[in-house]
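Residue-level listing of the chains:
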Amino acid sequence: MASGRTVVAMEEHWTVGRVAGLAGVSVRTLHHYDEIGLVRPSARTSAGYRAYSAGDVEKLREVLAYRRLGFGLREVAELVGDPSTDAVAQLRRLRGLMLERRDRADAMVAAIDRELGTRAKGLRVTPEEQLGMLGARLYDAIGGAYTATRRTDPRIAAQIWDALGDAETVLNVGAGTGSYEPAGRDVTAVEPSAVMRAQRPAGSAPCVAAAAESLPFEDRSFDVAMAVSTVHHWGDPIAGLREMRRVARRVVVLTFDTDEPGWQDRFWLARDYLPEFAAVLTEFPSLAGMTDAIGARAEPVPIPWDCADGLFEAYWRRPGAYLEDHVRRAMSVWTRVGPQAEQRAVRSLGDDLGSGRWAERNSDLADLDAADLGLRLLTA
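Overview of the structure. (Residues numbered from 1 in each chain as written. Predicted model: local features only at pLDDT ≥ 70, side-chain atom pairs only at ≥ 80, totals over all residues. Heavy atoms only, no water.)

**Section: the sheet that holds strand β5 (residues 169-173)**
With respect to topology, 7 strands assemble into an open sheet ordered β7-β6-β5-β8-β9-β13-β10, the strand pairing being mixed. Strands with a single pairing partner mark the edges of an open sheet, and in this sheet they are β7 (207-208) and β10 (297-300). Across 5 bridges, the pairing between β5 and strand β6 (residues 186-190) is parallel. Bridge pairing in β6 links Val 170 to Val 187. Sheet strands in contact with helix α10 (residues 237-247) are β5, β8 (222-228) and β9 (248-256), and its direction is about 150° off that of β9. (Pairing = 2+ DSSP bridges. Helix = DSSP H or I, 4+ residues; strand = E, 2+ residues; numbered from the N terminus. Contact = heavy atoms within 4.5 Å. Axes fitted to C-alpha atoms, helices over the stretch in contact; angles between N-to-C directions.)

Put into structure tokens, the structure is as follows:
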């Protein structure tokens, strides 16, 4: 008993005091969780004290993780009490929430660095700018600019919607603000980010707060599941793709190819100004791995020179756009590489545009109407 651990009916259990010490909470907190039915120790020791089983500890871990993410007790009770969500699904959901929080923290660091740079130049930072950088609009750095620059490009949309075929019920996974959701069909959206959900226009498809890796739908609930430029944000892309395959009869995914030899040099911005881009995708699954996971075929999706969707490669023939802060803010790449790499890349690109060096180096792009820069449409 000195270790705070005992054996009841041949199963290992932990005393309240021991669990409190391991979890970094008070015994009073655990008693409160017990009183409200949130986490109740399922057994007693031979001395009559309450004891936690491995399953109890697992549930407590989930409760404390959600609490530390800022969820209220009522919300936590609903999350951990969901009978359709097992321990693995809970971990994936928690991982997604943690990644979103990490992105928010990265955005805050980037915002602070920008303000420090402004102040170092002796320039005044207005109260509006201060509140916009660190207040309620903090997530604008990686999400809030989407409605300004991330719009449906009709040519890319045509390729995606053609792949949907005659599907009547469509699940849009990682739906963001709703770009590329087809009109005239029964669409359900899934988006884990509250910031993104809040930016969905009035009248758009109903949106469920969930992660791709744990979709809250029965098998074959939809004719087709689609995902557009979102897989690289998922905690476990392969698991998310398999979930899409589970809940839908067909799957359509717009993603990125890192299998092609020399893919890092395919786009001049990554090749000449932002080599850190390759590191952003180091853990991204291969195109072959993604196609194998869902039994898909892949086809190129050319990016038009005047692409309306401000994704990372969209301005391949309009390089000056990358000098615009509001354009970059709608691209998660810049948050991932960090402010120093961003500032260096923007400065070097600006210098080369001013000197004419960029035009000399990329003269072959001038007459192209579209470019294959690695976008791939997977259809299964």
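**A word on the pairing of β9**
Each regular strand displays side chains that alternate between the two surfaces of the sheet. Burial runs high along β9: 7 of the 9 residues are buried. Across 6 bridges, β8 lies against β9 in parallel orientation. Residue pairing across strands places Val 224 opposite Arg 250, the latter belonging to β9. Regarding topology, α10 serves as the crossover connection from β8 to the parallel β9, and that connection is right-handed. Relative to strand β13 (residues 375-379), β9 runs antiparallel, the two being bridged by 5 bridges. Paired with Leu 254 across the bridge in β13 is Leu 377. (Buried < 20%, exposed > 50% of the residue type's maximum accessible area, 1.4 Å probe, protein only. Right-handed = clockwise from strand over helix to strand, strands pointing away.)

**Brief notes about empty space enclosed by the protein**
Scanning all chains against the criterion turns up 1 cavity of 30 Å³ or more. There is about 40 Å³ of room inside the largest cavity. Taken together, Phe 256, Trp 263, Gln 264, Arg 266, Phe 267, Ala 270, Phe 277, Glu 313 and Leu 373 make up the lining of the largest cavity. Grouping the amino acids of the lining of the largest cavity by side-chain chemistry returns 6 nonpolar, 1 polar and 2 charged. (1 Å grid on protein atoms, 1.4 Å probe; cavity = no way out; pocket = protein on both sides within 12 Å on 5 of 7 lines; lining within 4 Å. Points joined across faces, edges and corners; volume = space filled by probe spheres on them. Nonpolar A, V, L, I, M, F, W, Y, C, P; charged D, E, K, R; others polar.)

**Digging into the pattern of salt bridges**
Under the defined criterion, the tally for this structure stands at 18 salt bridges. Salt-bridge contacts for Arg 329 lead to Asp 325; the nearest nitrogen and oxygen are separated by 2.7 Å. By relative accessible area, Arg 329 is classed as buried at 6%. Looking at Asp 325, the relative accessible area reads 33%, which means it is partly exposed. It is possible to trace a salt-bridge network through shared partners that takes in Asp 325, Arg 328, Arg 329 and Glu 342. (Salt bridge = Lys/Arg side-chain N within 4 Å of Asp/Glu carboxyl O.)

**Focus on unusual backbone geometry**
With a phi close to 70°, Tyr 180 is a non-glycine residue in the positive phi region. Not every positive phi belongs to a glycine, and Ser 229 is a case in point at roughly 50°. Position of Ser 229 among the secondary structure elements: in the loop between β8 and α10.

**Let's talk about the nonpolar core**
Among the nonpolar cores identified, the biggest contains 77 residues, and Met 244 and Trp 268 are the most heavily contacted of them. Among residues more than four places away in sequence, those in contact with Met 244 are Val 173, Leu 215, Ala 225, Met 226, Ala 227, Trp 234, Val 251, Val 252 and Val 253. Ranked by size, the runner-up nonpolar core spans 21 residues in total, among them Trp 14, Ala 20, Val 76 and Leu 79. (Core = buried A, V, L, I, M, F, W, Y, C linked by side-chain atoms within 4.5 Å.)

**Structural notes on the side chain of Glu 313**
Mapped onto the elements, Glu 313 comes out in the loop between β11 (303-304) and α14 (325-328). In contact with Glu 313, not counting residues within four places along its chain, are Phe 256, Phe 267, Phe 277, Ile 303, Tyr 322 and Leu 373.

**Considerations on helix α13 (residues 287-294)**
If you check which residues of α13 are buried, you get Leu 287, Met 290, Thr 291, Ala 293 and Ile 294. Viewed end-on, α13 has its buried residues packed into an arc of 160°, placing them on one side of the element. Looking at the packing, one finds that the buried side of α13 touches α10, β9, β10 and β13. A positive phi of about 65° marks Gly 295, the residue just after α13. (Arc of directions from axis to C-beta.)

**Considerations on the pairing of β8**
Extensive coverage of β8 is indicated by the burial of 6 of its 7 residues. Pairing of β5 with β8, which is carried by 3 bridges, proceeds in the parallel orientation. The residue bridging Asn 172 from the neighbouring strand is Met 226, located in β8.

**Considering the packing of aromatic side chains**
Taken as a whole and judged by the stated rule, the model has 13 aromatic pairs. Ring geometry for Trp 268 and Tyr 322: centres 5.8 Å apart, planes at 85°, overall edge-to-face. Here Tyr 322 lies in the loop between β11 and α14 and Trp 268 lies in helix α11 (residues 268-273), a separation of 54 residues in the sequence. The burial state of Trp 268 is the same as that of Tyr 322; both residues are buried. Relative to Tyr 322, the ring of Tyr 315 has its centre 5.6 Å away and its plane inclined at 90°; by these criteria the two rings are edge-to-face. Both residues of the pair, Tyr 315 and Tyr 322, belong to the buried class. Feature note: the residues Phe 256, Trp 263, Phe 267, Trp 268, Tyr 273, Phe 277, Phe 312, Tyr 315, Tyr 322, Trp 334 and Trp 358 constitute an aromatic cluster, connected by ring pairs. The ring centre of Trp 305 lies 4.3 Å from the NZ or CZ of Arg 317, which sits over that ring. (Phe/Tyr/Trp six-rings, centres within 6.5 Å; stacked < 30°, edge-to-face > 60°. Lys NZ or Arg CZ within 6 Å of the ring centre and 35° of its normal.)

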